[in-house]
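# Commentary on secondary and tertiary structure
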Amino acid sequence: MDRHFDTPRPKSDDQRTGHVAMPRVIRPTVWRASAAQQPGWLSSELARLLLSDRTKPGDVVLDVDDDVAFAATAAQMGRRHHALGGERYLASMSHAAGYIDLMLLHWPRPAVNPHRLLRACQPLFGSTGCLVVAVSAGADHRLAHLSALASAGTAVGLRTVQHVVVLAPDAATSAATAEPSGGQRGRREAGPLARGHGVGEVRAPHTDLLIFQLGAADDE
């Protein structure tokens, strides 16, 4: 069952969803938030949106990668935050199996098999908890990373319950992108950030959040 709470939900920019979607995957939600100063991490603004949307005060959140902004924001919002120090310590968390309400994991990671990584995460969060994979990849490789993670999740018994595309507050599309599957008349050539990864002329997302829960992909 998808888990949301009574905290204010992040506002989605639905007009952009067709330009940032993954093929054959659930329709994405688009959030507006600034990027972190350190590439690959979450900004405090994005951390707050994520925690508001997926947790409530008192919930246990586990950060595999020690994201400083996420840790500070979780503490400010009354979540019980634990830092792990890297995926090599996942095996030592067996005592916490089923007690994690939200796990945060960053991707890509060098020389790591996504199937093995998600399989190691799978036992730790309960039936109402979730695993959030924050993907920060260049435009040329974005869809490949997202597709590999979605497939790996399915293979280890996880279903993708939400795909969040995070755009900068000032990111915009031109009027020419109003035809995501239509003809080319009146459409300018896509720029280098957009070309080849399905986002039309919208500026490339700085972060994608893939949110997994336990269960087969067709569970409801």
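Position numbers for residues start from 1 in each chain and track the written sequence from start to end. Restriction of local features to residues with pLDDT of at least 70 applies here, the model being predicted, together with a cutoff of 80 or more for giving and counting side-chain atom pairs; totals for whole chains, interfaces and linings are based on all residues. The side-chain numbers reported here are obtained from all heavy atoms of the structure, hydrogens and water having been left aside.

Only protein chains enter the calculation, and the probe is 1.4 Å; a residue is then buried if its accessible area is under 20% of its type maximum, exposed if over 50%, and partly exposed in between. The secondary structure listing takes helices from DSSP runs of H or I that are at least 4 residues long and strands from runs of E that are at least 2 residues long, numbered from the N terminus. Among all positions of helix H4 (residues 114-121), only Pro114, Leu117, Leu118 and Cys121 are buried. Along the axis of H4, the buried residues cluster in a sector spanning 90 degrees; they form a single face. Of the exposed residues in H4, the ones pointing more than 90 degrees away from its buried face are Arg116 and Arg119. It only takes one pair of heavy atoms within 4.5 Å for two residues to be counted as in contact. Contact partners of the buried residues in H4: strand S4 (100-107), strand S5 (125-135), helix H5 (142-155), strand S6 (158-167) and strand S7 (207-214). A 3.5 Å cut-off defines polar contacts: any pair of N or O atoms within that distance qualifies, except that in protein one atom must be a possible hydrogen donor and the other a possible acceptor, and neighbouring residues in sequence count only when both atoms are side-chain atoms. The backbone nitrogen of His115 has a side-chain oxygen 2.8 Å away, supplied by the residue at the start of H4, namely Asn113. Regarding the arc, it is the one traced by the directions from the helix axis to the C-beta atoms.

This part covers the nonpolar core. In this structure, Leu90, Ile100, Met103, Leu105, Leu118, Leu131 and Val133 are the most contacted members of the largest nonpolar core, which totals 28 residues. Elements represented by at least two residues in this core include exactly strand S2 (60-63), S4, H4, S5, H5 and S7. In contact with Val133, other than residues within four places in its own chain, are Leu105, Trp107, Leu118, Leu149, Asp208, Leu209, Leu210 and Phe212. Here, nonpolar core refers to any group of buried Ala, Val, Leu, Ile, Met, Phe, Trp, Tyr and Cys residues whose side-chain atoms link them within 4.5 Å. If you look at the next biggest cluster of nonpolar residues, it comprises 22 residues, including Leu42, Ala74, Cys130 and Ile211.

What follows concerns the environment of Ala168. Inspection of the secondary structure puts Ala168 in the loop between S6 and S7. Residues Ala168 and Ser34, 134 residues apart in the sequence, show an inter-C-alpha distance of 5.1 Å. Setting aside anything within four residues of it in sequence, one finds Ala168 in contact with Arg32, Ala33 and His206.

Because each turn of an α-helix spans 3.6 residues, side chains separated by three or four positions in sequence point in the same direction. Among the residues making up helix H3 (residues 68-76), those that are buried are Ala69, Phe70, Thr73 and Ala74. Angularly, the buried residues of H3 cover 130 degrees about the axis, an arc narrow enough to put them on a single face. Away from its buried face by more than 90 degrees, H3 exposes Val68, Ala75 and Gln76. Residues of H3 that are buried make contact with helix H2 (44-54), S2, strand S3 (80-83) and S4. Sitting at the head of H3, Asp67 places a side-chain oxygen 3.2 Å from the backbone nitrogen of Ala69. At the exit of H3 stands Gly78, carrying a positive phi of roughly 80 degrees.

The next thing to look at is the confidence of the model for the chain. Looking at the chain, the pLDDT average stands at 79 and 72% of residues meet or exceed 70. pLDDT measures the predictor's confidence residue by residue and takes values from 0 up to 100. The secondary-structure element of the chain with the lowest mean pLDDT is helix H1 (residues 17-20), recorded at 47, while H2 shows the highest, at 97. Across residues 1-6, where pLDDT falls below 50, the model places 23 contacts with residues more than four positions away in sequence or in other chains. Note on residues 15-21: pLDDT is under 50 here. Beyond four places in sequence and across chains, it has 31 contacts.

Turning next to the side chain of Arg109. By the secondary structure assignment, Arg109 is in the loop between S4 and H4. The class for Arg109 is buried, based on a relative accessible area of 11%. A polar contact of 2.7 Å, which involves the side chain of Arg109, links it to the backbone oxygen of His106. When near neighbours in sequence (up to four residues on either side) are disregarded, Arg109 contacts Val64, Asp65, Glu87 and Leu117.

A separate point is the pairing of S3. One requirement defines pairing of two strands: DSSP has to find at least two bridges between them. Bridge analysis of S2 against S3 gives 4 bridges, and the strand direction is parallel. Across the sheet, the residue bridging to Val61 is His81, located in S3. By convention a crossover is right-handed if, when the strands point away from the viewer, the path from the first strand over the helix to the second runs clockwise. Handedness of the crossover is the feature at issue here: the chain leaves S2, passes through H3, returns alongside S3, and the resulting connection is right-handed.

All right, on to the packing of H2 against H3 then. A pair of packed helices is captured by two measures, namely the crossing angle of their axes and the spacing between those axes. For helices, the axis comes from a line fit to the C-alpha atoms of the stretch in contact; other axes are also lines fit to C-alpha atoms, and the angle between any two N-to-C directions lies between 0 and 180 degrees. The interhelical angle for the contact between H2 and H3, taken along N-to-C directions, is 50 degrees, at an axis separation of 9 Å. The pairing of H2 with H3 is recorded here as oblique in orientation. Between H2 and H3 the crossing geometry is right-handed. Residues Ser44, Ala47, Arg48, Leu50 and Leu51 of H2 form the contact with H3, whose participating residues are Ala69, Phe70, Thr73, Ala74 and Gln76. Each residue is assigned to one of three groups, with Ala, Val, Leu, Ile, Met, Phe, Trp, Tyr, Cys and Pro labelled nonpolar, Asp, Glu, Lys and Arg labelled charged, and all others, Gly among them, labelled polar. Of the residues contributing to the contact of H2 with H3, the split by class is 6 nonpolar, 3 polar and 1 charged. Here the word oblique covers every angle except those under 35 degrees (roughly parallel), over 145 (roughly antiparallel) and from 65 to 115 (roughly perpendicular). Crossings are classed by handedness, with left-handed meaning an anticlockwise turn of the near helix from the far one by less than a right angle and right-handed meaning a clockwise turn.

Let us look at the pattern of salt bridges. Salt-bridge detection follows one rule: a side-chain nitrogen of Lys or Arg within 4 Å of a carboxyl oxygen of Asp or Glu. Counting across every chain of the model gives 5 salt bridges. Between Asp53 and Arg54 there is a salt bridge whose closest N-O contact spans 3.9 Å. Each member of the pair, Asp53 together with Arg54, is buried. Notably, a salt bridge pairs Asp208 with Arg142, separated by 2.8 Å at the nearest N-O pair. Taken as a pair, Asp208 in strand S7 and Arg142 in helix H5 lie far apart in primary sequence, 66 residues in all. For Asp208, a relative accessible area of 2% translates into the label buried. A cluster of three or more residues bridged by salt bridges with shared partners is formed by Asp65, Glu87 and Arg109.

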